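Below, each chain spelled out in residue letters.
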Amino acid sequence: MMKNHDFFLFSELYTCYYQVVARILQEAGSHPVTRSRLEKLAGEYGYGESGLSIVPQLVSGRWPFLESDSRRPGFYGCRLKHPVFPQPLTNLQKSWLKALVSDPRFCLFFTDCQLTELNRWLEDTKPLFRVSDFCLFDQYGDHDPFSSAMYRKHMYVILNALYTRQLLSLSYMTGKKRILACTCLPCRLEYGQRDGKFRLYAMSAGTSGRRRMDVLNVARILSAEETGKFSPEPVDVDAFLNRALCREPVVLEITTERNALERAMLHFSCYQKKVERLEDTGRYRCTIYYDKRWETELLIQILSFGPVIKVLEPESFVLQIRERVKNQAALGQPQTHIASH
Amino acid sequence: MSEYKELIRQFDKIRSYVRDFYIYGFKTREEFREKSGRTYDNQRRRMESWFSGYMQADQNGRKKSVFLTMDSSRMAVNPLYQAWKSKTFTDNDIILRFFLPDLLADGRFRSVETIADQLQEQYCCLIDTQTIRRKLAACEREGLVVRRKEGRQHLYGTAGCRSMPPDQLLEPLARAVGFFQGAAPFGFIGSTVLDFWDRKNEYFRFRSDYLVHTLEDEVLLALLTAMEGQAGVLMTVKSTRGRRARDVTVTPLKILISTQTGRRYVCAGQQGSHRLSTFRLDTIQNAVVLEPDPDYENHMKHYQDIFPRMWGVSLGDTRAAETVSAQICLDEKEETHILARLDREGRGGVLKRLEPGVYQYCRVCLDAAELLPWIKSFTGRIRSFCCSNPAVEQRFWNDMDMMKAYYLPSGDYSDDEKP
């Protein structure tokens, strides 16, 4: 029997409590902290009940990292002599980074010089996995051109703008082949695993001055230039997206035939959802909260299940399904020419 | 009776609970029959603690179900990674975790005895040399500490620049990690890098992300280790429908990931035969790497030969390929997106324009039944559907009839029809 592998994923090194303590020590290293501050930090970085375990250990000295401030009773300072962060990486973490180097998306984050330097640093590290060991067999065929020089340049400009909150001047080819030009603030990059595409959430001001959030396919950006203007405040993207949330969730009835429940539960697990068992029928009622912008995608997913999933609500969604079923019925009955091709 | 703790010793014990709470979410306490009610209560309390903010409860009469739910496209970091960060530790573990690096940060190398003395002098920590030696050995394995021999003594120091990238790479690397912790296998490891560097993922989000995959990572690591060594694995597999677990010995060849359905599989060669099989990763409870398989190359060649004829992961009941053909109607001016869908989602199928507004899609595959969900996603546009496997063709039309029966119950397809 060979050794399973050199690494342990489930290791105390990565435990949440260590990170809570590290953050407490970081703050206590810069200025003495009170017990209530310790509890607050434990609540912020730990699990729901972590503070109950961590804070007494620190205050009692069983974990002897803190010392009472002799001049200010109730305040605690840090006994460490050096900053806690950044912490050195383990072999497992380096091995994971090394595996990423072969990912075609990795170069988007670096210049060629940086990549050379990074490869030198990871020279003796064995990759945790080989990208070629994975096959995303149903990913769409038209994913973004990650290796294209222009795409890489645009991503580099966008990434810098995101992190520095710099406004960009963009020109963009729309889906209908129109060219748009705008000045906008990049706020978020969304990656879709299904289509292998990056989408940029960028805020711009309309002619009336009202701010709006545009979603741009990075591959359709024709040029991206820095403007030298910066936004002082970060933008709450989720607040914009909340406006697109459906008012009424879609409600499905799922049968247990053909393993439908199991398939559907996994398929729709990326949505916020609620599932109930209908005791009288043995079927299941699933309520899905979705983003209105992706309604057609959800509709197509539901159709792919065929009759094992029925849409119960809302009426507007049922009507869309009914329309498609009606169109299908109008196309006529099966043509029984099996294997005629 | 042992006291409840937030942290746990073994990951396996909570894997199925997290999955059930997240994927299904309708099970009540009584339905978790594999362990006692008290075990369920403790696990539920842990999950409420680990995933606070994402846990919800539903009361149905006297029965209460607790579930874990979230919109994955809003998550900066997969909340399920928290489960990986719940390992228990001892007082000495945490003391040495912080004091050892702090002591060694000056770059000097020290013997175990000197380390023990200085921990006592500088940090008032009395820890025996045996414990320190064990911890240093563990840190050395993890790459956090290096050892060198001077005379008859072993001296220990920090790994220095080996464990930290050059300063100028920290920023771009932290950005890349922010992205890949959500987009690469073993993303949990990326989230620990962010933890170690006190960074957050602020700017990346991931659409249609199947967060539950992280629970399979330990099994995945064993499979990848076997694949790299061209070795076999002994796996314990328990299908979602079956009650019993069974052991199988196979040679893993490829990890097959469905970005559409959220399933991940391993395609593996059966030892002692030339047959291939696929197993869902979430059904594999355990995997132990065995010796290298001398037949590995043959299995891989077999996989490469048949892969172009697979639609998904099914190898079919027979080796005879099946043919599917569908005619799809669309408005060529207004509905170019339909044509784009056929092209980009068709996995190498042949698309042919039969007449204005009608395209024929044709694909050869090992198991035509696998194509049905995709074809059905074009409901409303399918002018014909034919398959060399009559059972598949029949099932398609039966499904269409059932859809009509439910959504158009009166059989009247006119526009003013009411449900």
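Small disclaimer: the values here were computed from a predicted structure and weren't measured.

A. View of the interface of chain A and chain B. Each side of the interface is counted separately: chain A has 111 residues, and chain B has 129 residues. Considering each element in turn, the side of chain A that touches chain B owes the most residues, 9 residues, to helix α10 (residues 315-330) of chain A. Classifying every residue of the side of chain A that touches chain B by side-chain character gives 58 nonpolar, 29 polar and 24 charged. In the sheet, strand β6 (residues 179-192) of chain A pairs with strand β5 (residues 204-207) of chain B via 4 bridges, with the strands oriented parallel. When the sheet's bridge partners are listed, A:Glu190 is paired in β5(B) with B:Arg205.

B. Layout of the domain arrangement of chain B. Domain boundaries in chain B define domain 1 (12-69), domain 2 (91-162), domain 3 (167-209), domain 4 (213-309) and domain 5 (322-407). Relative to domain 3 of chain B, the C-alpha centre of domain 2 of chain B lies at a distance of 29 Å.

C. Molecular detail of the sheet that holds strand β11 (residues 272-278) of chain A. Residue and element names in this part refer to chain A. Read across the sheet, 4 strands follow the order β11-β12-β10-β13 without closing on themselves; strand pairing throughout is antiparallel. Two strands close off the open sheet at either side, each with one partner strand: β11 and β13 (309-313). Adjacent strand axes in the sheet meet at a mean angle of 25°, parallel and antiparallel pairs treated alike. Pairing of strand β10 (residues 250-254) with β13 involves 4 bridges; the strand directions are antiparallel. Residue pairing across strands places Val-251 opposite Glu-313, the latter belonging to β13.

D. A look at the nonpolar core. Ranked by internal contacts, the top residues of the largest apolar core, which has 188 residues, are A:Val21, A:Leu25, B:Leu223 and B:Ile375. Sorting elements by how many residues they give to this core places helix α1 (residues 16-30) of chain A first, with 9 residues. In contact with B:Leu223, not counting residues within four places along its chain, are B:Val233, B:Pro252, B:Ile255, B:Val266 and B:Ala287.

E. A look at the pairing of strand β11 (residues 322-329) of chain B. Residues and elements named next belong to chain B. With 6 of its 8 residues buried, β11 lies for the most part within the structure. As paired strands, β11 and strand β13 (residues 358-365) are joined by 8 bridges and run antiparallel to one another. Bridge assignment links Gln-327 to a residue of β13, and that residue is Gln-360. For β11 and strand β14 (residues 382-387), the ladder comprises 5 bridges, and the chain directions are antiparallel.

F. How the structure looks around the sheet that holds strand β1 (residues 33-34) of chain A. Residues and elements named next belong to chain A. Strand order in the open sheet formed by 3 strands is β1-β3-β2, and the pairing between neighbours is antiparallel. Each edge of the open sheet carries a strand with a single partner, namely β1 and β2 (66-68). Pairing between β1 and strand β3 (residues 75-78): 2 bridges, direction antiparallel. The residue bridging Val-33 from the neighbouring strand is Tyr-76, located in β3.

G. Looking closely at the confidence of the model for chain B. Residues and elements named next belong to chain B. Mean pLDDT over chain B stands at 92; residues scoring 70 or higher make up 96%. Per-element mean pLDDT across chain B ranges from 85 in strand β1 (residues 55-60) up to 98 in helix α7 (residues 187-196). Here residues 415-419 is a poorly scored stretch, pLDDT under 50, and it has 5 contacts once near neighbours within four places are set aside; other chains count.

H. Spotlight on helix α6 (residues 149-164) of chain A. The end-to-end C-alpha separation of α6(A) is 23 Å, in line with the 22 Å expected for 16 residues at 1.5 Å each. Within α6(A) the residues assigned to the buried category are A:His154, A:Met155, A:Ile158, A:Leu159, A:Ala161 and A:Leu162. Angularly, the buried residues of α6(A) cover 165° about the axis, an arc narrow enough to put them on a single face. The outward face of α6(A), more than 90 degrees from its buried face, is lined by the exposed residues A:Ala149 and A:Thr164. Those residues of α6(A) hidden inside the fold are in contact with β5 (166-173), β6, β7 (197-205) and β9 (221-230) of chain A together with α6 (167-183) of chain B.

I. Representation of the packing of α1(A) against helix α3 (residues 50-60) of chain A in the model. Residues and elements named next belong to chain A. Their axes nearest at 11 Å, the elements α1 and α3 cross at an angle of 55°. Looking at the two axes, α1 sits oblique to α3. The two elements α1 and α3 cross, and the hand of that crossing is right-handed. Together, Cys-16, Tyr-17, Val-20, Val-21 and Ile-24 of α1 and Ser-50, Ile-54 and Leu-58 of α3 make up the contact between the two elements. Of the residues contributing to the contact of α1 with α3, the split by class is 7 nonpolar, 1 polar and no charged.

Rules behind the numbers
- Residues numbered from 1 in each chain as written.
- Chains lettered and ligands numbered in written order.
- Predicted model: local features only at pLDDT ≥ 70, side-chain atom pairs only at ≥ 80, totals over all residues.
- Contact = placed C-beta atoms within 7 Å.
- Helix = DSSP H or I, 4+ residues; strand = E, 2+ residues; numbered from the N terminus.
- Nonpolar A, V, L, I, M, F, W, Y, C, P; charged D, E, K, R; others polar.
- Pairing = 2+ DSSP bridges.
- Domains from an automatic or database assignment.
- Axes fitted to C-alpha atoms, helices over the stretch in contact; angles between N-to-C directions.
- Core = buried A, V, L, I, M, F, W, Y, C linked by C-beta atoms within 7 Å.
- Buried ≥ 20, exposed ≤ 12 C-beta atoms within 10 Å, placed from the backbone.
- pLDDT = per-residue confidence, 0-100.
- Expected span 1.5 Å × (residues − 1).
- Arc of directions from axis to C-beta.
- Parallel < 35°, antiparallel > 145°, perpendicular 65-115°, else oblique.
- Left-handed = near helix turned anticlockwise from the far one by under 90°.

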